[in-house]
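Read off the chains here:
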Amino acid sequence: MPQSARTSSCLYGIAVVVMLWLAAMCATAAIAQEPRPQPWDRATASTLLTYIEQIDSHGLKPADYRPDLLRKAINSGDAAVLEKQADESFGLIAADLAIGHVLPGQRGRYYTAPNSLDPALVARMIDIAITAHKVAWVLDSFAPQNPEYVTLRKALSGPDGADVAKRRALVATLERWRWFPHNPGNKYLLVNIPEYRLRLIENGQEIGTHKVIVGQVGKPTPQFSTRVTGVILNPTWTVPQSIIAESVGSLVRKSPATARSRGFRWTSVGGHLSVVQGPGPGNSLGQMKLDMPNPLTVYLHDTPSKALFDKEDRAFSHGCMRMQNPFELAEKLLADVGWDRARIDAVVASRVTTRIALASPLPVYVVYMTAVPQVDGTVAYLKDPYKLDAALAAKLN
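What you see is a predicted model; the values in this text were computed from it and never measured.

Bringing the pattern of salt bridges into the picture now. Summed over all chains, the structure comprises 14 salt bridges. Residue K166 is joined to D160 by a salt bridge in which the shortest nitrogen-to-oxygen separation is 3.8 Å. When salt bridges that share partners are traced, they join E195, R199 and E206 into one network.

In contact at an axis separation of 10 Å, helix 5 (residues 79–99) and helix 6 (residues 119–132) are set at 115° when each is read in the N-to-C sense. As far as their axial angle goes, helix 6 and helix 5 are roughly perpendicular. The hand of the helix 5/helix 6 crossing is right-handed. Of the residues in helix 6, those touching helix 5 at D87, F90 and G91 are V122, M125, I126 and A129. A class-by-class count of the residues in the contact of helix 5 with helix 6 yields five nonpolar, one polar and one charged.

Another point: the sheet that holds strand 7 (residues 264–269). Spatial strand order, 6-8-7: three strands in an open sheet with antiparallel pairing. This sheet does not close on itself; its edge strands, each paired only once, are strand 6 (237–238) and strand 7. Two strands pair when backbone bridges link them, and strand 7 and strand 8 (residues 272–277) are joined in this way by six bridges, in the antiparallel orientation. Each residue of the ladder has a partner; that of S268, found in strand 8, is L273.

Here the protein chain shows a mean pLDDT of 91. Residues at 70 or above account for 91%. Segment residues 3–19: pLDDT under 50, and 59 contacts once partners within four positions in sequence are set aside and those in other chains are kept. Predicted confidence for residues 27–32 stays below pLDDT 50, and this span has five contacts to residues more than four positions away or in other chains.

We now examine the nonpolar core. As a rule of thumb, nonpolar side chains are buried together in soluble globular proteins. Among the nonpolar cores identified, the biggest contains 56 residues, and W40, L48, F90, I93, L97, L139 and F142 are the most heavily contacted of them. With eight residues, the single largest contributor to this core is helix 5. Residues in contact with L139, not counting those within four places in the same chain, are L48, Y51, F90, I93, A94 and L97. With 37 residues, the next largest nonpolar core counts Y196, V231, L233 and V348 among its residues.

Now for helix 10 (residues 241–254). Roughly 55° is the biggest bend found in helix 10, and it falls at S247. Among all positions in helix 10, only I243, I244, V248, G249, L251 and V252 are buried. In this structure, the buried side of helix 10 is in contact with strand 6, helix 11 (256–261), strand 7 and strand 8.

Let us look at the environment of Y386. Inspection of the secondary structure assignment puts Y386 in the loop between strand 15 (379–381) and helix 14 (388–396). Separated by 171 residues in the primary sequence, Y386 and G215 have C-alpha atoms spaced 9.6 Å apart. If sequence neighbours within four positions are ignored, Y386 has contacts with I193, V214, G215, Q216, V217, P220, T221 and Y368. Within the structure, Y386 has its side chain in polar contact with the backbone nitrogen of T221 (distance 3.1 Å).

This paragraph deals with the pairing of strand 13 (residues 354–367). Direction of pairing for strand 2 (residues 187–192) relative to strand 13: parallel, over a ladder of four bridges. The residue of strand 13 that forms the bridge with L190 is Y365. Bridge count between strand 5 (residues 223–233) and strand 13: nine bridges; the pairing is antiparallel. Directly across from G230, in strand 13, lies its bridge partner A357.

Counting through the fold element by element, R178 comes out in helix 9 (residues 164–179). A polar atom in the side chain of R178 sits 2.9 Å from the backbone oxygen of H58. Of note is the side chain of R178, whose polar atom sits 2.8 Å from the side chain of E175. Not counting residues up to four positions away in its chain, the partners in contact with R178 are H58, L60, D96, L97, A98, I99, G100, N115, P144 and Y149.

Now for the pairing of strand 3 (residues 197–202). The pairing of strand 2 with strand 3 spans six bridges and is classified as antiparallel. Its bridge partner being in strand 3, L189 is matched across the sheet by L200. Pairing of strand 3 with strand 4 (residues 205–215), which is carried by six bridges, proceeds in the antiparallel orientation. The residue of strand 4 that forms the bridge with L200 is G208.

So, on to helix 3 (residues 42–53). Structurally, the α-helix is built with 3.6 residues per turn, so residues lying three or four positions apart point the same way. Over its twelve residues, helix 3 extends 16 Å from the first C-alpha to the last, a length consistent with the 16 Å expected when each residue adds 1.5 Å. Among all positions in helix 3, only T44, A45, L48, L49, Y51 and I52 are buried. The buried residues of helix 3 occupy an angular sector of 155° when the element is viewed end-on, so they sit on one face. In the core, the buried residues of helix 3 are packed alongside helix 4 (67–76), helix 5, helix 6 and helix 7 (135–140). Two to three positions downstream of the cap, the backbone nitrogen of A43 sits 3.0 Å from a side-chain oxygen, assigning the N-cap of helix 3 to D41.

Another point: the side chain of E175. Note on placement: E175 falls in helix 9. Polar side-chain contacts of E175 include one of 2.9 Å to the side chain of W179. Aside from chain neighbours lying at most four places away, what touches E175 is L60, G100, H101, V102, L392 and L396.

Reading guide: rules and limits
- Residues numbered from 1 in each chain as written.
- Predicted model: local features only at pLDDT ≥ 70, side-chain atom pairs only at ≥ 80, totals over all residues.
- Heavy atoms only, no water.
- Salt bridge = Lys/Arg side-chain N within 4 Å of Asp/Glu carboxyl O.
- Axes fitted to C-alpha atoms, helices over the stretch in contact; angles between N-to-C directions.
- Helix = DSSP H or I, 4+ residues; strand = E, 2+ residues; numbered from the N terminus.
- Parallel < 35°, antiparallel > 145°, perpendicular 65-115°, else oblique.
- Left-handed = near helix turned anticlockwise from the far one by under 90°.
- Contact = heavy atoms within 4.5 Å.
- Nonpolar A, V, L, I, M, F, W, Y, C, P; charged D, E, K, R; others polar.
- Pairing = 2+ DSSP bridges.
- pLDDT = per-residue confidence, 0-100.
- Core = buried A, V, L, I, M, F, W, Y, C linked by side-chain atoms within 4.5 Å.
- Buried < 20%, exposed > 50% of the residue type's maximum accessible area, 1.4 Å probe, protein only.
- Bend = angle between axes of the 7 residues up to and from the residue.
- Polar contact = N/O pair within 3.5 Å; in protein donor to acceptor, adjacent residues only side chain to side chain.
- Expected span 1.5 Å × (residues − 1).
- Arc of directions from axis to C-beta.

Take a look at the structure:
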């Protein structure tokens, strides 16, 4: 991510277009105009078999694509059997590279819509691969094309791939990049949980970065996506029932004066306690919150606990993400609607809760990448705070 911040697979579509054009250039004039369905021959199918045997370069297992069946079909001498098996093998590989090997329902606490792959496109790519004699090149185009994925593949084929711990991080991170949306948008926010880092990406470049605090191991921040629709200055905090039961409820009942001094106000109906904390620098959400509706009720916001950003490992929250220097981000997000830092600071000083809508909704993606490419081409291997890599490796195996 730091090497270029081009964290998307949005080049996927471009790669396909370029591939079609180059394939047309390589083919005959008639084929270039309108390629006809091409049958598999033994030589081209053997190239596909070689690709399967070397697919661990993507962190995938050759056995999952049944090379024995393709080998048998190649040796059978039966054109129909070869056609059927080669199409099936190609389709399985294309789907896993474009969408991910682990099925969406088996990805754990992962709440981003899965990618899709048009079967008609796969059929078209098979024809191109056969006609242009470029099976490996065509299949590689289905995988993410972002620099991060490319760097991680190189690391997997080098000395890092021989290290058990590093290999596990590489394999898991390559798979999660395959889950990442093909078209995340020209401008978006990206939070990488193990890195405790938020980035603002625009046109493939990092234009802002912030330290973040994420959920505790027992209350982990999920991987998900949503859209930021506005910025809330001086937010109030409606305390979740779980936190009322854990701590705030006891404070209200045992030390109501202290609770009031901290901005808490409450009602109790039939023994059911509802608590709201008013705006101010002591509010648990701090003085800025991103309005990003989602069913998980997980948000990005400021915090009064600034000292926690000095910690290397920052898994301290109940699941939401607290950011450092939130007004710097607010200034960037609100520039398009005429707000500058002075205007933001004036509203914050007023302690009046104010919501400012963004010019257009901004996607936000919360991911879990433990192998992160650096500017110099090396890979940083992060701690795995939620121990997710081992679980993902088991599913990949």
